[in-house]
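Structural description and commentary
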Amino acid sequence: MTDTAQESLRQAALFYHENPKPGKLEIRATKPLANGRDLSRAYSPGVAEACLEIKADPANAARYTSRGNLVAVVSNGTAVLGLGNIGPLASKPVMEGKAVLFKKFANIDCFDLELNEPDPEKLAEIVCALEPTFGAINLEDIKAPDCFIVEKICRERMNIPVFHDDQHGTAIVVGAAATNALHVAGKSFEDIKIVSTGGGAAGIACLNMLVKLGVKRENIWLCDIHGLVYEGREEDMNPQKAAFAQATDKRTLDDVIEGADLFLGLSGPGVLKPEQVAKMAARPIIFALANPTPEIMPDLARSVAPDAIIATGRSDFPNQVNNVLCFPFIFRGALDVGATEINDAMQVACVEGIAALARATTSAEAAAAYHGEQLTFGADYLIPKPFDPRLSAVVSSAVAKAAMETGVAQRPVADLKAYKDSLNASVFKSALLMRPVFDAAATAARKIVFAEGEDERVLRAAQAILEETTETPILIGRPEVLEMRCERLGLTVRPGRDFHVVNPENDPRYRDYWETYHGIMARRGVTPDLARAVMRTNLTAIGAVMVHRGEADALICGTFGEYRWHLNYVTQVLGSARAQPHGALSMMILEDGPLFISDTQIWIEPTPEQIALTAIGAARHVRRFGLEPKVALCSRSQFGNQADGSGPRIRKALEILDSAPRDFVYEGEMHVDSALDPELRERLLPNGRMKGAANVLVFAEADAASGVRNILKVKAGGLEVGPILMGMGNRAHIVTPSITARGLLNMAAVAGTPVAHYG
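Along every chain, residues carry numbers that run from 1 in the direction the sequence is written. Local features are withheld for residues below a pLDDT of 70 in this predicted model, meaning they are given only at 70 or higher, and side-chain atom pairs are given and counted only at 80 or more; totals for whole chains, interfaces and linings count all residues. No hydrogens and no water enter the side-chain calculation; it runs on all heavy atoms of the structure.

In the annotation of an unreviewed UniProt entry, the protein is listed under the name NADP-dependent malic enzyme and assigned to Alloyangia mangrovi.

Given below as structure tokens:
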């Protein structure tokens, strides 16, 4: 990196830490404090009730305080990253960063505590005194051997998990990477020879973890700055190093590297030379983890061992050994079951969970976060990426299970599957709300045809559909392209074997399809030649014909192109007197719950009849998500105060709704703020028919509905499920180009539920 680039990076990092406010953390209240009543419950006198409950039973602290989800990151700044002993104050940006990672990846609240205490025993005394405040302690950046002393004292005296991440977090991720590296190389822990450089806390912990995984202690050769650790050596020794001392007359790294299967470096730059790599066993595994410059650069290692399997601590090379793969999730599992410690079984469960996840199909979300990188299990993809959202459920649940099985869980979960589902719901915001839809879809094996089958998102959705539902995906696309893209994306599914394929260029059903389309459209200006052309080029029309012929139960299209263009072909083929579009409904999943928006796509300026149909259809679909609909008809008019614009149409729609019994609550016409703020609405219209906030907003213009939908997506971080095409009997849905692979999976679940009537 040039000096200019380095300075630019430095300035960008400093700006990031300073703006818009200094630091990376703030504290926010989780309960309302808007009036005297709230204050009396939050503080005096109401707070006394919570205090007395905890005094009666200390376990109640997890019910009435944040302690059960609160971790302390504690450091004295004596061994900070690659910066050394920079002191507690200078370590604060690192500890704040660790706290941010806890929150981001596992939704764990965290306080960073930088303690001005170099004496390990006194430091341990301070940490032990923190037990009433925290549910767990993460020790960080404390130099060896002091870190061993601090952790030992704290573990012995405290009844909550104490975890030195520099030791055990690194060891867990190294264990996962080694597990999969041996899988790729065709070797086993029991048979390999390991040479390690670095006798510090992380290096010793990694070796201990590898022993737990099956490596024989006599096959481990540990070197430090003074050379080989051997029996009888006195210089710079401690009990942790001595456990790996060898009875030998060899003294240097060069003496012991011959025939090594795995090099583990946690030392410094340039320690491992190419000529030493050449002495290693066939298909050597090299973990050069020194930062920022590894013990050997990957290109140098491969110059003498082209088939070497390499991991580093850097993000610009494959296989970054990063503790963030471990610590958020091992703490998440430990906190959720009230574990009193993080024991060996929990750590090994963490290793196995991380390793297994890398061998599974890559998630669409990780692929999006690391666009352009090859995320297929193999020599260059041994461990998952930190932004793989599946880590939370897979690793945390494995840790929780191990805690329960080893008897250290004070609050065991009764249903591990439900616990795993709840973890998924916290990561995938749609998971909890989509559960009723997935459950309903599981009762029927529906065939879903995807028009744009060659799209990466569709291919990833097809993989997920086969893993998570009983549906059968059908993809329209060229088989050779589908095969190639599945291979490139690291998917295990294959066309023809796992999902059905319709080849628009050469399908044996082509004649049947164009004749069917011509039969539908012959009196609407479509000639046989045009029908042939449409069935060769128009993927949406092909999918609609398949549904019409009963070869598929539902069509999903729209990953590219304009909504109404797709709608034209859907209604051409599948429309009838009973099946006509009633509107498009989008469920926006927000921080405080779901909000349904309609009609975003179908009617530019709907009639009163169309508004009423939209409201009826929306109410019916909201119930599919296990929710009771409260429909607000929205307008710039507020309960009749405007004589023009959308007000008269909304009022007429209300009359239509009032003309027959309805099984849902509705109200209007009103502004959006009145729909969402019950107190405001009560002031404007006392004793109205709706109580509480609306959860469905029906608009009188598509522009208004679409605008609100997009604002909620971009500015409020809303996740969209939809648009759901109402009125077509669940036989077709048109998505938008911004949809994700998970969004397509959600829409497949919506389409996978049979309906008794058109809606």
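1. Looking at a nonpolar patch on the surface
Patch membership needs two things, relative accessible area over 30% and no salt bridge, and members are linked within 9 Å if like-charged or within 5 Å if nonpolar (Val, Leu, Ile, Met, Phe, Trp, Tyr). Areas reported here follow the Shrake-Rupley algorithm with a probe of radius 1.4 Å; residue values treat only the protein chains shown as occluding. Put simply, a salt bridge is a Lys or Arg side-chain nitrogen that is within 4 Å of an Asp or Glu carboxyl oxygen. A cluster of nonpolar side chains, contributed by Leu33, Leu39 and Tyr43, occupies part of the molecular surface with about 370 Å² of accessible area. Relative accessibility decides the category of a residue: with a 1.4 Å probe and only protein chains considered, values under 20% of the type maximum give buried, values over 50% give exposed, and everything between is partly exposed. Accessibility expressed as a relative area gives 47% for leucine 39, which makes it partly exposed.

2. Concerning the pattern of salt bridges
Evaluated as defined, the whole model comprises 46 salt bridges. We note a salt bridge from arginine 332 to aspartate 336, for which the minimum N-O separation is 2.8 Å. Here arginine 332 and its partner aspartate 336 are both found in helix α14 (residues 327–336), four residues apart, which amounts to about one turn of the helix. You can call arginine 332 buried: its relative accessible area is 9%. In this structure aspartate 336 comes out as partly exposed when scored by relative accessible area, which is 23%. Helix and strand assignments follow DSSP, with helices taken as H or I runs no shorter than four residues and strands as E runs no shorter than two, numbered in order from the N terminus.

3. A short note on unusual backbone geometry
Cis peptide bonds are those with omega within 30 degrees of zero, and the linkage from asparagine 291 to proline 292 qualifies with 0 degrees. Summarising the element assignment, proline 292 is placed in the loop between β9 (285–288) and α13 (298–304). Here the amide bond leading from glycine 722 into proline 723 is cis, since omega sits at 0 degrees, within 30 degrees of zero. Not every positive phi belongs to a glycine, and asparagine 107 is a case in point at roughly 55 degrees. Tracing the backbone shows asparagine 107 in the loop between α5 (88–106) and β2 (109–114). In this model, arginine 283 sits at a positive phi of 50 degrees, which is unusual for a non-glycine residue. Among the structural elements, arginine 283 can be located in the loop between α12 (274–277) and β9.

4. With respect to the sheet that holds strand β21 (residues 732–734)
The strand order across the open sheet formed by five strands is β13-β12-β11-β14-β21, and the pairing between neighbours is parallel. Each edge of the sheet is formed by a strand with only one pairing partner; in this case those strands are β13 (500–502) and β21. If you compare each strand with its neighbour and ignore which way they point, the axes differ by 20 degrees on average. Think of it this way: DSSP has to see at least two bridges between two strands before they count as a pair. In the sheet, strand β12 (residues 472–476) pairs with β13 via three bridges, with the strands oriented parallel. Within β13, the position partnered with isoleucine 474 by the bridge is histidine 500. Every residue pair with non-hydrogen atoms within 4.5 Å of one another is taken to be in contact. In this analysis an axis means a line fitted to C-alpha atoms, helices contributing only their contacting stretch, and an angle means the value between N-to-C directions, from 0 to 180 degrees. Contacting β14 (554–557) and β21, helix α25 (residues 563–574) crosses the sheet at an angle of about 170 degrees to β21.

5. Observations regarding the domain arrangement of the protein
An automatic or database domain assignment supplies the residue ranges for each domain. The domains assigned to the protein are domain 1 (66–160), domain 2 (168–316), domain 3 (324–426), domain 4 (444–554 + 564–574) and domain 5 (583–727). Computed over C-alpha atoms, the centres of domain 1 and domain 3 are 22 Å apart. On the side of domain 3, 15 residues touch domain 1, which itself brings 18 residues to the contact. Joining two parts hides part of their accessible area as seen by a 1.4 Å probe, and the buried area is that hidden amount summed over both. Carbon and sulfur atoms make up 66% of the surface buried where domain 1 meets domain 3, a total of about 1,300 Å² over both sides.

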